[in-house]
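Fold and geometry: a report
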Amino acid sequence: MRPSASQFSASYDTLTKVLSPAVGLVLIAPGFIAGMWWLAILGGAILAVAYAYSVRGYRVEAGSIIVERLVGEVRISVAGCEVRRAHANDLADCIRLWGSGGLFGYYGLFRTAALGKVTWYATRRKDAVLVRSGSANYLFTPDDVDTFLAELPSSSDVAYPMPDDSTLPKWAVGAFVAVPFLGVSIAIALSFYN
């Protein structure tokens, strides 16, 4: 990262620091133990892709937030958007729809009761910045939230209505949690099958 007044680091929280190597071990170790190199390579590829899409840092340039990632930057314009600190009630009843929920950060599409769908580009679950426009919501977690907010256009007078779409049924929440674990369990079981 090049040093700049508009450059912001993004540190991992404790869960990400513990979860990332643990998931890495679960994805790679069964292939080595069973002598099935294809399984170890597949696990390594999954880790590499997850790391490549994770947030490396942020920049603020010309009224836009640039999310730095190994696979390429994402530019999000904040013109005409509500930009503020995220509150605890903004993130209440959050479920992951698609993306990472702790493996090298929290990124992808999530859903909260208060905001509806929110695209996360985060490395931790606290001290977040929320950007709301009429069509999309974004979440960022720079280490220096106050300076990050100071460099963005102020739009505290912009207000957006609460989402009116229905909440997901309880069975869907369980499915979003169970399906990834089921997939890993099946892969591990198949690695020991002769």
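In this text, all values refer to a predicted model and were calculated from it rather than measured experimentally.

Here we take up the packing of aromatic side chains. By the definition in use, this model includes nine aromatic pairs. Here Phe140 and Phe148 contribute two aromatic rings whose centre-to-centre distance is 6.4 Å and whose plane-to-plane angle is 50°, an arrangement assigned as tilted. With relative accessibility at 0%, the residue Phe140 sits in the buried group. A relative accessible area of 0% means that Phe148 is categorised as buried.

This next bit is on the pattern of salt bridges. Within the structure shown, the criterion is met by ten salt bridges. For Arg59, the salt bridge goes to Glu73, with nearest N and O atoms at 2.7 Å. You can see Arg59 sitting in strand β2 (residues 57-61) and its partner Glu73 sitting in the loop between β3 (64-68) and β4 (74-77), a full 14 residues away along the chain. A relative accessible area of 5% means that Arg59 is categorised as buried. Since its relative accessible area comes to 47%, Glu73 is described here as partly exposed. Ionic pairing is found between Glu61 and Arg75, a salt bridge with its closest N-O pair at 3.6 Å. Note that Glu61 is positioned in strand β2 and Arg75 in strand β4, a separation of 14 residues in sequence. Arg75 gets classed as exposed once you look at its relative accessible area, which sits at 52%.

What counts and what doesn't
- Positions within a chain are numbered from 1, following the residues in the order the chain's sequence is written.
- This being a predicted model, a pLDDT of at least 70 is required before a residue's local features are given, and a value of 80 or more before pairs of side-chain atoms are given or counted; all residues contribute to the totals for chains, interfaces and linings.
- With hydrogens and water excluded, all non-hydrogen atoms of the structure serve as input to the side-chain values.
- Pairing of aromatic rings covers Phe, Tyr and Trp, the last through its six-membered ring, and needs centres within 6.5 Å; plane angles under 30 degrees mean stacked, over 60 mean edge-to-face, and all others mean tilted.
- Working definition: with a 1.4 Å probe on protein chains only, accessible area under 20% of the residue-type maximum means buried, over 50% means exposed, and in between means partly exposed.
- What makes a salt bridge here is a side-chain nitrogen of Lys or Arg within 4 Å of a carboxyl oxygen of Asp or Glu, nothing more.
- Here a strand is any run of E in DSSP of at least two residues, a helix any run of H or I of at least four, and the numbering for each starts at the N terminus.

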